[in-house]
Amino acid sequence: MDRIYAPWRSKYFGSCAQGCVFCTIASNPQDDEKNRVIYRDDKIFGVMNLYPYTPGHFMLIPLAHCDSPEELPLEIWLHLHKFSYKAANVLYEYGAQGVNMGLNIKKAGGAGIPEHLHMHFVPRYLGDTNFITSIGEARTYGMDFDSVYAKIKVLGAKYFIEKGI
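Residues numbered from 1 in each chain as written. Predicted model: local features only at pLDDT ≥ 70, side-chain atom pairs only at ≥ 80, totals over all residues. Heavy atoms only, no water.

With that settled, consider the sheet that holds strand β3 (residues 58-62). In space, the five strands of this open sheet follow the order β1-β2-β3-β5-β4, with antiparallel pairing throughout. Here the strands that pair on one side only, and so sit at the sheet edges, are β1 (37-40) and β4 (98-103). Pairwise comparison of adjacent strand axes, ignoring direction, gives a mean angle of 15 degrees for this sheet. Note that β1 and strand β2 (residues 44-48) share three bridges and pair antiparallel. What sits directly across from R40, in β2, is F45. Helix α3 (residues 74-94) contacts β1, β2, β3, β4 and β5 (119-124) of the sheet and is inclined by roughly 165 degrees relative to β3. Along the sheet, helix α5 (residues 145-162) makes contact with β1, β2 and β3, crossing β1 at roughly 20 degrees. (Pairing = 2+ DSSP bridges. Helix = DSSP H or I, 4+ residues; strand = E, 2+ residues; numbered from the N terminus. Axes fitted to C-alpha atoms, helices over the stretch in contact; angles between N-to-C directions. Contact = heavy atoms within 4.5 Å.)

Moving on, we come to the UniProt feature "active site" (unreviewed entry) in the protein chain. According to UniProt, the "active site" (unreviewed entry) feature falls on H118. Residue classification places H118 among the buried positions, given a relative accessible area of 5%. The residues contacting H118, other than those within four sequence positions of it, are F22, M59, L60, I61, G102, L103 and I113. Among the polar contacts made by the side chain of H118, one reaches the main-chain carbonyl oxygen of H116 at a distance of 2.7 Å. (UniProt positions renumbered as here; feature names shortened; annotations may be inferred. Buried < 20%, exposed > 50% of the residue type's maximum accessible area, 1.4 Å probe, protein only. Polar contact = N/O pair within 3.5 Å; in protein donor to acceptor, adjacent residues only side chain to side chain.)

Once that is clear, we can look at the pairing of β5. Burial runs high along β5: five of the six residues are buried. Examined bridge by bridge, β3 and β5 share three bridges and lie antiparallel to one another. By the bridge assignment, F58 is partnered in β5 with F121. Strand direction decides the pairing type here: β4 and β5, joined by six bridges, are antiparallel. Its bridge partner being in β5, G102 is matched across the sheet by H120.

Listed below in structure tokens is the structure:
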């Protein structure tokens, strides 16, 4: 696979001088719109992935800074999973035909931001793995990011706030 140099992404990987990007988002609710936060409560928040695999890719993240599930209080771990239970419906109503969800724990586990646990929800569409992805080893994003954020935020409110378990 070819490597494409993208230095503007460096602030999102590993430790950086400004601290953890997820902790910055967690501690600045006044910037939720700018940071593309779709949901927030006293234990977790949901945020759009700024470098999505497909349109609608978002993450649920504990407010607590930790790098592995066993470091979270069980109450927060269960709360995160209560919302992961609802997350697929957000993406199905958005138009996804399938969903990948999961955690990449620590750097060796594939986490791009290994110091702060986060759960991915990636909508999948028939044909989203096509010639350019399979042969060209590149991805295209054929939608406006801000319009995707606006729709996912509305659906997040519907499923994360309005509908109970």
